[in-house]
Amino acid sequence: MPRILGVDIPNDKPVAVSLTYLYGVGGTRAGEIVEAAGIDHDKKAKDLTEDEISRIASLIDKNYVVEGELRRQVAQNVARLRQINCYRGFRHARGLPVRGQRTKTNARTRKGRARPIAAKKAAPRGK
């Protein structure tokens, strides 16, 4: 398995698809990286030479923010929103959808599993 920027990328997939395993690299960006490095799009990741791997790594490192640095930036942005007590920060802190989605139904991804409300006990009848 080739290792790029501390991440093992899958062997049996084309290079452009394998690069999408890096946080912050999607399909379009992976295609740009492969094109800039001068590597064939159909080449499998296991067939990469050390030179090609180092070219890819240096291109990514020089031109893009990925992996740990990007995760840190995102975390800092969310922390800033929380700190200034804006609506989006409040939604992040509460674990609710941030971008205006409805929450009466759906929103299970953000809210977690539905917790059933305990049924009220029937009041004892009689005199």
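Chemist: Please clarify how the overall build of the protein chain should be interpreted in this entry.
Modeler: Helices and strands together make up the secondary structure of the protein chain, namely six helices and two strands. Helices and strands in the protein chain line up, N terminus first, as β-β-α-α-α-α-α-α. Computed over C-alpha atoms, the radius of gyration of the protein chain comes to 23 Å, more than 25% over the 14 Å expected from 2.2 N^0.38 for 127 residues, which places it beyond the range of a compact globule. For the protein chain, the spread of C-alpha atoms along the principal axes amounts to about 90 × 35 × 20 Å. Burial statistics for the protein chain: of 127 residues in total, 28% are counted as buried. Long-range pairs, those at least 24 residues apart, make up 45% of the contacts in the protein chain between residues at least 6 apart in sequence.

Chemist: How should I be thinking about the pattern of salt bridges in this particular structure?
Modeler: Inspection of the entire model under this criterion finds five salt bridges. In this structure, Asp-51 and Arg-55 form a salt bridge, with 3.7 Å as the shortest nitrogen-oxygen distance. Note that Asp-51 and Arg-55 are positioned in helix 3 (residues 50-63) at a spacing of four residues, about one turn of the helix. Its relative accessible area of 31% is what places Arg-55 among the partly exposed residues. Arg-71 is paired through a salt bridge with Glu-67; the nearest N and O atoms lie 3.9 Å apart.

Chemist: What is the right way to read the confidence of the model for the protein chain from this model?
Modeler: Close inspection of predicted coordinates is inappropriate in any region flagged by low pLDDT. Averaged over all residues, the pLDDT of the protein chain equals 90, while 94% of them reach at least 70. By mean pLDDT, strand 1 (residues 3-4) is the weakest element of the protein chain at 89, and helix 4 (residues 67-83) is the strongest at 95.

Chemist: I would appreciate a short explanation of helix 5 (residues 87-94) in the present structure.
Modeler: Count 3.6 residues to each turn of an α-helix, and residues three or four apart come out pointing the same way. Listed as buried for helix 5 are Gly-89, Arg-91 and His-92. For helix 5, the angular spread of buried residues about the axis comes to 160°, placing them on one side. Those residues of helix 5 that are exposed and aimed more than 90 degrees away from the buried face are Tyr-87, Ala-93 and Arg-94. Turning to helix 5, the residues buried within the fold contact helix 4 and helix 6 (108-111). Two residues or fewer past helix 5, Gly-95 is found with a positive phi of approximately 75°.

Chemist: Help me understand the packing of aromatic side chains in this model?
Modeler: The geometry of an aromatic ring pair comes down to the distance between the two centres and the angle between the two planes. Tallied over the entire structure, the rule returns zero aromatic pairs. Over the ring of Tyr-23 we find Arg-71; its NZ or CZ atom is 4.1 Å from the centre of that ring.

Conventions we followed
Every chain begins its residue count from 1, and numbering advances along the sequence as written. Local features in this predicted model are restricted to residues whose pLDDT is 70 or higher, and side-chain atom pairs enter the listing and the counts only when it is 80 or higher, whereas totals over whole chains, interfaces and linings include all residues. Side-chain metrics in this entry use all non-hydrogen atoms of the structure; hydrogen atoms and water are not considered. Secondary structure elements follow DSSP: runs of H or I of four or more residues count as helices, runs of E of two or more count as strands, with numbering from the N terminus. Atoms considered for the radius of gyration are the C-alpha atoms alone. The globule rule reads 2.2 Å times the number of residues to the power 0.38. Relative accessibility decides the category of a residue: with a 1.4 Å probe and only protein chains considered, values under 20% of the type maximum give buried, values over 50% give exposed, and everything between is partly exposed. Note on contacts: a residue pair is in contact if any heavy atoms of the two residues lie within 4.5 Å. By definition, a salt bridge exists where a carboxyl oxygen of Asp or Glu is found within 4 Å of a side-chain nitrogen of Lys or Arg. Per-residue confidence from the predictor is given as pLDDT, running between 0 and 100. Along the arc lie the directions from the helix axis toward the C-beta atoms. Two aromatic rings from Phe, Tyr or Trp, using only the six-membered ring of Trp, form a pair when their centres are within 6.5 Å; if the ring planes differ by under 30 degrees the pair is stacked, by over 60 it is edge-to-face, and anything between is tilted. Charge-over-ring contacts are defined here by two conditions on Lys NZ or Arg CZ: a distance within 6 Å of the ring centre and an angle within 35 degrees of the ring normal.

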